[in-house]
Amino acid sequence: MEGTNDSQPDAETLQVLRDTANRLRIHSIRATSTCSSGHPTSCCSAAEIMSVLFFHTMRYKQADPEHPNNDRFVLSKGHAAPVLYATWAEVGDICQCDLLSLRKIHCDLEGHPTPRLSFVDVATGSLGQGLGAACGMAYTGKYFDKASYRVFCLMGDGESAEGSVWEALAFASHYCLDNLVAVFDVNRLGQSGTAPLEHRTDIYKNRCEAFGWNTYIVDGHDVEALCQAFWQAAQVKNKPTAVIAKTFKGRGIPNIEDAENWHGKPMPKERADAIIKVIESQIQTNRNLMPKPPIEDSPQINISNIKMTSLPAYKVDEMVATRKAYGMALAKLGHACDRVIALDGDTKNSTFSEIFKKDHPDRFIECFIAEQNMVSVAVGCATRDRTIAFASTFAAFLTRAFDQIRMGAISQTSINLVGSHCGVSVGEDGPSQMALEDLAMFRSIPNCTIFYPSDAVSTEHAVCLAANTKGLCFIRTSRPETAVLYTPEEKFEIGQAKVVRHSVDDKVTVIGAGVTLHEALAAAADLSQQGISIRVIDPFTIKPLDASTIISNAKATGGRIITVEDHYREGGIGEAVCAAVSREPDISVHQLAVTEVPRSGKPGELLDMFGISAKHIIAAVKYTLVN
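One numbering rule holds for all chains: residues counted from 1, following each sequence as written. Where totals are concerned, whole chains, interfaces and linings use all residues; where local detail is concerned, this predicted model gives features only for residues with pLDDT of at least 70, and gives and counts side-chain atom pairs only at 80 or more. For side-chain calculations, the full set of non-hydrogen atoms in the structure is used, while hydrogens and water are omitted.

Taking an unreviewed UniProt entry as the reference, the protein is identified by name as transketolase belonging to Chinchilla lanigera. UniProt positions are given in the numbering used here, feature names are shortened, and annotations may be inferred rather than shown by experiment. In its Catalytic activity (unreviewed entry) section, UniProt records this for the protein: "D-sedoheptulose 7-phosphate + D-glyceraldehyde 3-phosphate = aldehydo-D-ribose 5-phosphate + D-xylulose 5-phosphate". Per UniProt, the protein carries the Sequence similarities (unreviewed entry) text "Belongs to the transketolase family."

Have a look at this one:
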């Protein structure tokens, strides 16, 4: 049978694989030359690897790239996108003529791969992230789907300088991901010069083995050696496999192969035809190999419209930290749907994801202190709608994964990130642990929903809503215990604020969230003793913000708004409110926020010191009324 997945294909099959690799080179050179943009030399080093993977090793349905049983492929070195597109043109999923529209505005064949294309699971191009996502796919395949599909990740040698690559290598080995193969395309050259190890494949091998990987060194242009290595990888149990492929950048291009200063440079149009003729002269067959169909053993699942089995079990005025309510809600959601999973970065006893782990140990992934990889793994777990992933750590530590989060948005992922320990209310641990820039970060992410619940009941609703929401979600939880404000029957919706205190005599609208909502309510009680009535709003979601509720209540209170937040002023709730009311005449916004780097102390002392406590809200109300 053509393309049988054995270790030693016959001579004819090997020749077709060589010829396919050369056709991939020709497509890549022609497409990049036509648009005068792209990375043909990076494609040429990987041509045999792609040919062997897609036409010999991998099992998948050609006509259905997103089929759950298919083997997965991640192009971590995303700048080699043209060779991926060329491969799918050879497979037959895209028209070869479309390759000539590469990088044009009307064409989905972008400069780096994105899931606008059915055969791309995750966006790549910001280097060092593909292997983490592949780890998530492989973990899902092995432990959740318990299926036969395998995951292949093609990486550049230059990107292996990224620390996130080594986080992923450690993760894959720890979890014995024997269904994962990482291919290092060691073509010696980076963007602006040589890669640090150049062609010293033995050092790559030693490093991968030190990280617990089964490792082979191969000539990356020898299709027979590649077939053998990928076959061997499939026989190895309890270890992921790294294939260290020694290759040459620009392979097959006269005078450009292995030459510096050709990264990201298409062949000049006047030279492209001659180069293509040289490569064409080496092609001996006109055949295509058919990929083998996948083993169909993935469970059929549906993760839409997940509902909690009962109402929240909290009483008004009960004292519960929203971080603990998150853990309780997630465990409860896990009983409602067996595809809810939790990831954490060694903070499960602080984020309270340990409550989920206790109830659902098989669906908890300990990612250890590697937040960048944790986000990438979550993105991988969520591909093809296999899981509903919640990943938690201190909100401050999610900032180091900003690039992974940004790429998650480009990947059109639906994952839920949960950041606890926000703001100065963290207390004695001090500023390194206090998230004060997380709202700004997540507000800048397109299609990201930001929940900032202020009590246990709204936290439970936030968890359930996030599970059913497309796109990235961020839930901001707090460390201190705060009073339950809402009855179990209260309904919550994304983009719908709650007016938690109001009367016809209100003079100012105060908007707070999390701990500052409770400070605002304390200020309102104090002010009412002094004959001053204020309105208090809980926004619930910071993005989308309920502008109409804010505007109508501001108009009812003389156009006076005060925002108070446990966050830096830049990019926080105050600025979101200012943007929402910017076109409204006669509304003024007075912002209370943390304006300098804080310090250690008791939460109450810090709220006071940094100007966001009830005392400061009272002063701001009086100032606003006088002015």
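Looking only at helices and strands, the protein has 22 helices and 19 strands in total. Dimensions of the protein along its principal axes, counting C-alpha atoms only, are 90 × 50 × 40 Å. Taken across its 627 residues, the protein has 62% of its residues classed as buried. Contacts: residue pairs with any heavy atoms within 4.5 Å of one another. Look at the contacts in the protein between residues 6 or more apart in sequence, and 79% of them connect residues 24 or more apart. In the protein, the 61 positive side-chain charges and the 73 negative ones have mean positions that sit 1 Å from each other. Numbered from the N terminus, helices here are DSSP runs of H or I no shorter than four residues, and strands are runs of E no shorter than two. With a 1.4 Å probe rolled over the protein chains alone, any residue whose accessible area is under 20% of its type maximum counts as buried; one over 50% counts as exposed, and the rest are partly exposed. Under the counting rule used here, the positive set is Lys and Arg, the negative set is Asp and Glu, and His together with the chain ends is not counted. Here the site of a charge means NZ on Lys, CZ on Arg, CG on Asp, or CD on Glu.

Two rings from Phe, Tyr or Trp (for Trp, the six-membered ring) form a pair when their centres sit within 6.5 Å of each other. Planes less than 30 degrees apart are called stacked, planes more than 60 degrees apart edge-to-face, and all others tilted. Going through the model one piece at a time under the given rule, you end up with 19 aromatic pairs. Pairing Tyr-139 with Phe-171 gives two aromatic rings, centres 6.1 Å apart and planes at 45°, and the pair type is tilted. Taken together, the residues Tyr-139 in helix H5 (residues 130-144) and Phe-171 in helix H6 (residues 163-174) connect sequence positions 32 residues apart. On the basis of an interplanar angle of 55° and a centroid distance of 5.1 Å, the ring pair of Trp-166 and Phe-211 is categorised as tilted. Here the residue Trp-166 occupies a position in helix H6, and Phe-211 occupies one in the loop between helix H7 (201-210) and strand S4 (214-219), the gap between them amounting to 45 residues. For Trp-166, a relative accessible area of 17% gives the class buried. When its relative accessible area of 31% is taken as the criterion, Phe-211 is described as partly exposed. Here a set of aromatic residues connected by ring pairs shows up, and it is made of Phe-54, Tyr-60, Phe-73, Tyr-85, Trp-88 and Phe-119. In this scheme, the term charge over a ring applies when either NZ of a lysine or CZ of an arginine sits within 6 Å of the ring centre and within 35 degrees of the ring normal. For the cation-ring pair, Arg-72 lies above Tyr-149, with the distance from its terminal atom to the ring centre recorded as 3.7 Å.

This brings us to the pairing of strand S1 (residues 72-75). Here S1 shows no split at all, with Arg-72 and Val-74 on one side and Phe-73 and Leu-75 on the other all buried. Any two strands are treated as partners once DSSP identifies two or more bridges connecting them. Alignment of S1 against strand S2 (residues 151-156), held across four bridges, turns out to be parallel. Residue pairing in the sheet places Leu-75 in a bridge with Leu-154 of S2.

Here we take up the sheet that holds strand S5 (residues 241-246). The strand order across the open sheet formed by five strands is S1-S2-S3-S5-S4, and the pairing between neighbours is parallel. Each edge of the open sheet is held by one strand with a lone partner, namely S1 and S4. The mean angle between the axes of side-by-side strands here comes to 20°, regardless of whether they run parallel or antiparallel. Across the sheet, helix H8 (residues 223-235) is in contact with S2, strand S3 (180-186), S4 and S5; its angle to S4 comes to roughly 170°. Here an angle of 0 to 180 degrees is reported between the N-to-C directions of two axes, which are lines fitted to C-alpha atoms, with helices fitted over the stretch in contact.

Now for the nonpolar core. In this description, a nonpolar core means a group of buried Ala, Val, Leu, Ile, Met, Phe, Trp, Tyr and Cys residues linked to one another through side-chain atoms lying within 4.5 Å. Counting residues in each nonpolar core, the largest one holds 78 residues, and the members touching the most others are Leu-180, Leu-343, Ile-365 and Leu-417. In terms of residues, this core owes the most to one element, H5, which gives eight residues. Those residues in contact with Leu-180 that sit more than four places away from it in its chain are Leu-131, Ala-134, Cys-135, Ala-138, Val-151, Ala-172, Trp-213, Pro-240 and Thr-241. Core analysis: the next-biggest nonpolar cluster, separate from the first, contains 51 residues, Leu-24, Tyr-60, Phe-73 and Cys-107 among them.

Let's shift gears to the packing of helix H3 (residues 47-57) against helix H4 (residues 81-91). Between H3 and H4, the least distance of the axes is 11 Å, while the angle of their chain directions is 40°. Comparing the axis directions of H3 and H4 gives the class oblique. In the crossing of H3 with H4, the sense of the turn from one axis to the other is right-handed. In this structure, H3 uses Ala-47, Met-50, Phe-54 and Phe-55 to contact H4, whose residues at the interface are Val-83, Leu-84, Thr-87, Trp-88, Glu-90 and Val-91. Here the nonpolar group is Ala, Val, Leu, Ile, Met, Phe, Trp, Tyr, Cys and Pro; Asp, Glu, Lys and Arg are the charged ones; every other residue, Gly included, is treated as polar. Its residues assigned to classes, the contact of H3 with H4 shows eight nonpolar, one polar and one charged. What sets the label is the angle itself: under 35 degrees gives roughly parallel, over 145 gives roughly antiparallel, 65 to 115 gives roughly perpendicular, and the rest give oblique. Put simply, a crossing is left-handed when the front helix is turned counterclockwise from the back one by less than a right angle, and right-handed when it is turned clockwise.

Once that is clear, we can look at the packing of helix H1 (residues 11-35) against H8. The geometry of H1 relative to H8 is characterised by a closest axis approach of 9 Å and an angle of 105° between their N-to-C directions. Classified by the interaxial angle, the pair formed by H1 and H8 is roughly perpendicular. For the pair formed by H1 and H8, the contact residues are Leu-14, Leu-17 and Arg-18 on the first element and Val-223, Glu-224 and Cys-227 on the second. Grouping the constituent residues of the contact of H1 with H8 by class yields four nonpolar, no polar and two charged.

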